[in-house]
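Okay, here's what each chain looks like letter by letter:
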Amino acid sequence: KTVAFYDLNKVASKAELGYQAKYKKNSTIPTGEIEFQAKGFHLHSTSVEWLVISGAASQVKGQATIEGVTAPNGSFIFQVWSTDASPDTFRLRVWWEDVAGIEHTVYDTNGVNQVLGGGNIKIHR
């Protein structure tokens with residue numbers, strides 16, 4: 001199916017996020033993998049475009065697929081914001097862009113960072 005908007009009511013309050021992103025020595029292109037699962041929603045990264053770390057905060061942006069869904073233009077874009085603090089938090093936003101460059105949000109964790117209910121975020125320098 002093709003999606004222009006994902007029904008956020010299908011996404012349970014409990015979700016799993018796992019990701020690792022880094023720059024290899026002497027590289028300007030990051031590597032990594034992002035996985036996000038919630039009821040009826042499974043996102044898997046296909047590439048990582050950039051990674052920014054500032055103190056205890058990080059941002060990662062890249063391309064992804066959503067299981068069982070085709071993006072109208074062929075790919076979804078994701079961005080993850082996270083903090084390694086007390087408490088650890090994250091935000092995930094997923095969207096696609098039309099031919100005019102207009103962003104169409106598919107998923108967003110309420111537009112704000114969410115406190116982790118388990119696990120932790122570790123930022124290494």
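The structure this text deals with has already been given above.
Anyway, here's the lowdown on the structure attached to this text. Just so it is clear, the structure is predicted and the values come from calculations on it, not from any experiment.

Right, let's get into the overall build of the protein chain. Secondary structure summary: the protein chain contains zero helices and eight strands in total. In sequence order, the secondary structure elements of the protein chain are arranged as β-β-β-β-β-β-β-β. Taken over 125 residues, the protein chain has a buried fraction of 34%. A fraction of 39% describes how many contacts in the protein chain between residues 6 or more apart in sequence connect residues 24 or more apart.

In this section: the pairing of strand β3 (residues 41–54). Bridge count between strand β2 (residues 31–38) and β3: four bridges; the pairing is antiparallel. Residue pairing across strands places A38 opposite F41, the latter belonging to β3. Turn length for the β2-β3 hairpin, with the two strands adjacent in sequence and antiparallel, is two residues, and the turn residue G40 shows positive phi of about 75°. Relative to strand β4 (residues 57–66), β3 runs antiparallel, the two being bridged by ten bridges. Opposite I53, over in β4, you have S58 as the bridge partner.

With an omega of 10°, the peptide bond running from S86 to P87 counts as cis. By the element assignment, P87 lies in the loop between β5 (76–83) and β6 (89–97). Residues other than glycine seldom take positive phi values, yet N26 does so here, at roughly 65°. Along the chain, N26 falls in the loop between β1 (15–22) and β2. Classification of N26 as exposed rests on a relative accessible area of 77%.

The rules behind each value
Residues numbered from 1 in each chain as written. Predicted model: local features only at pLDDT ≥ 70, side-chain atom pairs only at ≥ 80, totals over all residues. Heavy atoms only, no water. Helix = DSSP H or I, 4+ residues; strand = E, 2+ residues; numbered from the N terminus. Buried < 20%, exposed > 50% of the residue type's maximum accessible area, 1.4 Å probe, protein only. Contact = heavy atoms within 4.5 Å. Pairing = 2+ DSSP bridges.

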